[in-house]
Amino acid sequence: DSGVTQTPKHLITATGQRVTLRCSPRSGDLSVYWYQQSLDQGLQFLIQYYNGEERAKGNILERFSAQQFPDLHSELNLSSLELGDSALYFCASSGNRESSPLHFGNGTRLTVT
Amino acid sequence: DAKTTQPNSMESNEEEPVHLPCNHSTISGTDYIHWYRQLPSQGPEYVIHGLTSNVNNRMASLAIAEDRKSSTLILHRATLRDAAVYYCILRDVAGTGANNLFFGTGTRLTVIP
């Protein structure tokens, strides 16, 4: 058990809809990361937050947004969903040293129909 | 980010040692070498990391070449549970604060009973 909790585990929705994925980091971790894993793209870094502020941005679409709240949990919002957004979405957290490893949750599997 | 090169796949017999190679000829002085693995239907799992010296933990050992242009992850006794995709990742901690990981395609390890 990594200590990172993601909800929901599975999500099925229709094209054009909007969904919110939630992540609770390990206790004490200030950094939260979001990754997308689809069959043809591998693990893609989306965005990182540190103590409520955006720290780094990867291949995140404009239709996607994220935030980290004062209690350090994070949400990833996906809107105007397309079939190609179907993927596993992973959240990770890390400690406060720059070399601290990332600890991943078990992901949310999103299916867009 | 500096790139890594790993074999696409490797096989090992159960209870034998496994040496997973990684080349990173463009590594910079501030790059840590991280290894993660991803078991089927799970999030990536941290295995080990190092900077210059060889490292050991309960999961594995990391042997780093003297010139740091390559490294080897050593599983001392492969079990069926070690069947996974193993990722070798360089992580720059040069003070930017953006210490996210970029995953490549990794090595798929098959353990033969």
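Just above sits the structure.
Because the structure is a prediction, the values reported are computed rather than measured.

### So, the layout of surface pockets
- In this structure, the largest pocket spans a volume of roughly 680 Å³.
- Forming the boundary of the largest pocket are 26 residues, of which A:Gln37, A:Ser38, A:Leu39, B:Gln38 and B:Arg108 lie nearest the centre.
- Listing elements by their share of the lining of the largest pocket, those giving two or more residues are β4 (31-38), β5 (42-50), β9 (87-94) and β11 (108-112) of chain A together with β8 (84-92) of chain B.
- Across the lining of the largest pocket, the residue classes tally to ten nonpolar, 14 polar and two charged.
- By volume, the second largest pocket amounts to about 540 Å³.
- Together, 22 residues line the second largest pocket, and A:Asp1, A:Ser2, A:Phe104, A:Asn106 and B:Glu45 are the ones closest to its centre.
- Elements with a minimum of two residues in the lining of the second largest pocket: β1 (5-7) and β10 (102-104) of chain A together with β4 (45-50) of chain B.
- Its residues assigned to classes, the lining of the second largest pocket shows seven nonpolar, ten polar and five charged.

### What about the state of the cysteines?
- Under the counting rule described, the total for this entry stands at two disulfides over all chains.
- Here A:Cys23 connects covalently by a disulfide to A:Cys91, the sulfurs 1.8 Å from one another. Torsion about the S-S bond of the A:Cys23 and A:Cys91 cystine: about -55°, corresponding to left-handed handedness. On the criterion of sequence distance, the pair formed by A:Cys23 in strand β3 (residues 19-24) and A:Cys91 in strand β9 is long-range, its members being 68 residues apart.
- There is a disulfide in this structure between B:Cys22 and B:Cys88, and the S-S distance comes to 2.1 Å. Taking the sign of the S-S torsion, about -80° here, the bridge from B:Cys22 to B:Cys88 comes out left-handed.

### Examining unusual backbone geometry
- In the segment running from A:Thr7 into A:Pro8, the intervening peptide bond is cis, with an omega of -10°.
- Here A:Pro8 is to be found in the loop between β1 and β2 (10-13).
- The backbone of A:Leu72 shows a phi angle near 80°, a positive value even though the residue is not glycine.
- Tracing the backbone shows A:Leu72 in the loop between β7 (64-68) and β8 (74-78).
- The phi dihedral of B:Ser41 falls on the positive side, at around 65°, and the residue is not glycine.
- Checked against the element boundaries, B:Ser41 lands in the loop between β3 (31-38) and β4.
- On the accessibility criterion, B:Ser41 (68% relative accessible area) is exposed.

### Remarks on the sheet that holds strand β6 (residues 61-64) of chain B
Residue and element names in this part refer to chain B.
- Taken together, the four strands give an open sheet; going across it, the order is β2-β7-β6-β5, and neighbouring strands pair in antiparallel fashion. On the outer flanks of this sheet lie β2 (18-23) and β5 (55-56), each paired with one strand and no other.
- Pairing between β6 and strand β7 (residues 70-75): four bridges, direction antiparallel. The residue bridging Ile 64 from the neighbouring strand is Ser 71, located in β7.

### Regarding the pairing of β3(A)
Residues and elements named next belong to chain A.
- In β3, alternate side chains face the same way, and those of Val 19, Leu 21 and Cys 23 are buried while those of Thr 20, Arg 22 and Ser 24 on the opposite face are not.
- As paired strands, β1 and β3 are joined by three bridges and run antiparallel to one another. Looking across to β3, one finds that Gln 6 is bridged to Cys 23.
- Two strands pair when backbone bridges link them, and β3 and β8 are joined in this way by five bridges, in the antiparallel orientation. Bridge pairing links Thr 20 to Asn 77 in β8.

### Regarding the environment of A:Arg97
- Mapped onto the secondary structure, A:Arg97 falls in the loop between β9 and β10.
- Note: C-alpha distance between A:Arg97 and A:Ser80 (17 residues apart in sequence) is 37 Å.

Thresholds, definitions, all that
Residues numbered from 1 in each chain as written. Chains lettered and ligands numbered in written order. Predicted model: local features only at pLDDT ≥ 70, side-chain atom pairs only at ≥ 80, totals over all residues. Heavy atoms only, no water. 1 Å grid on protein atoms, 1.4 Å probe; cavity = no way out; pocket = protein on both sides within 12 Å on 5 of 7 lines; lining within 4 Å. Points joined across faces, edges and corners; volume = space filled by probe spheres on them. Helix = DSSP H or I, 4+ residues; strand = E, 2+ residues; numbered from the N terminus. Nonpolar A, V, L, I, M, F, W, Y, C, P; charged D, E, K, R; others polar. Disulfide = S-S within 2.5 Å. Buried < 20%, exposed > 50% of the residue type's maximum accessible area, 1.4 Å probe, protein only. Pairing = 2+ DSSP bridges.

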